[in-house]
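# Overview (structure and organization)
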Amino acid sequence: MTAQLNPRGDVAVLVPAAGAGVRLGPGAPKALRPLAGEPLLVHAVRRIAAAPSVHTIVVAAPAADVESVRAMLAPVAPVTVVPGGAERQASVAAALAAVPAGPEIVLVHDAARALTPPELVESVAEAVRSGHDAVIPVLPVVDTIKQVGAGERVLGTVDRSALRAVQTPQGFRRSVLTAAHAAAGDPLTDDAGLVEKQGVAVTCVPGSEHALKITRPFDLALAEHLLAAGA
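Residues numbered from 1 in each chain as written. Predicted model: local features only at pLDDT ≥ 70, side-chain atom pairs only at ≥ 80, totals over all residues. Heavy atoms only, no water.

## Considering the UniProt feature "site: Positions MEP for the nucleophilic attack" (unreviewed entry) in the protein
The line we're drawing: UniProt positions are given in the numbering used here, feature names are shortened, and annotations may be inferred rather than shown by experiment. Helix and strand assignments come from DSSP, with helices taken as H or I runs of at least 4 residues and strands as E runs of at least 2, each series counted from the N terminus. Here a polar contact is recorded for every N or O atom pair within 3.5 Å, except that within protein the pair must consist of a potential hydrogen donor and a potential acceptor, and residues adjacent in sequence are included only if both atoms are side-chain atoms. Partly exposed describes any residue whose relative accessible area lies between the buried limit of under 20% and the exposed limit of over 50%, with all areas from a 1.4 Å probe on protein chains only and scaled to the type maximum. Whether two residues are in contact is decided by their heavy atoms, any of which lying within 4.5 Å being enough.
UniProt feature "site: Positions MEP for the nucleophilic attack" (unreviewed entry): in the numbering of this structure it lies at R160 and K213. With respect to the helices, strands and loops of the structure, R160 is situated in the loop between β9 (154–158) and β10 (164–166). Only 2.8 Å separates the side chain of R160 from the backbone oxygen of V142, close enough to count as a polar contact. By the secondary structure assignment, K213 is in the loop between β12 (202–206) and α7 (217–228). Of the residues examined, K213 reaches a relative accessible area of 32% and is grouped as partly exposed. Once you skip the residues sitting within four places of it in the chain, K213 turns out to touch K30, D110, A112, R113 and D219.

Quick look at the structure:
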């Protein structure tokens, strides 16, 4: 049986959470690492569940941790938990297969972006609802970007005005994401990249500074600071 939040919602959110997270250092899978006393996954799911249009959340957990993840999330929100795959793409595909009939908007969200506000979930969903096939939240690139060649020699400076840093959740019409995964060849870490390969236009909406990706110990410390400040 698939767990539901808002029975009138039209959005399903997939959370691939089976990755090891080696850049965060040794320890549990990244989504299960603690942030201010709770796993990143708990923080992420709590915020997703607060978005009013979300009908279903499906988490792809490490295969060995499915039962413990299900028990961990039970007090947070109604969540369906399935075994994830060796690669992110396989985890997303497994979660997508578990979405029940009904929601025609599917968002894919990284558990590592644990502080993503519910308002961003709604913003991406609304952009898909308004007619876009694929939507990604983005922020402008603020650093100077250099193209570097052999021997760390600078080849040139990239014009950053046309560059964007991509966040999640990424949103799709359900049929578009399903077709992209069915046609996938080499695994990619970005679902928008899969639909781009199918010739689907991807539209950008403004992202959120709070949707930072917790990848390194510094990111974890920053997220703890943001939480303490009321994020």
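## Examining helix α1 (residues 40–49)
In terms of burial, α1 is a largely internal element, eight of the ten residues being buried. Along α1, the residues classified as buried are L40, L41, V42, H43, A44, V45, R47 and I48.

## Concerning the side chain of D219
Mapped onto the elements of the fold, D219 is located in helix α7. Using a relative accessible area of 6% as the deciding quantity, one classes D219 as buried. Aside from chain neighbours lying at most four places away, what touches D219 is L212, K213 and I214.

## Let's talk about the pattern of salt bridges
Rule in force here: Every case where a carboxyl oxygen of Asp or Glu lies within 4 Å of a side-chain nitrogen of Lys or Arg is listed as a salt bridge.
In this structure the tally under the stated criterion is nine salt bridges. One salt bridge in this structure joins R129 and E126, with 2.7 Å as the shortest N-O distance. Placement of both R129 and E126 in helix α4 (residues 118–129) is noted, with a separation of three residues, approximately one turn of the helix. R129 gets classed as partly exposed once you look at its relative accessible area, which sits at 34%. Residue classification places E126 among the partly exposed residues on the basis of a relative accessible area of 41%. In this structure, a network of salt bridges that share partners links the residues R88, D110, R113 and D191.

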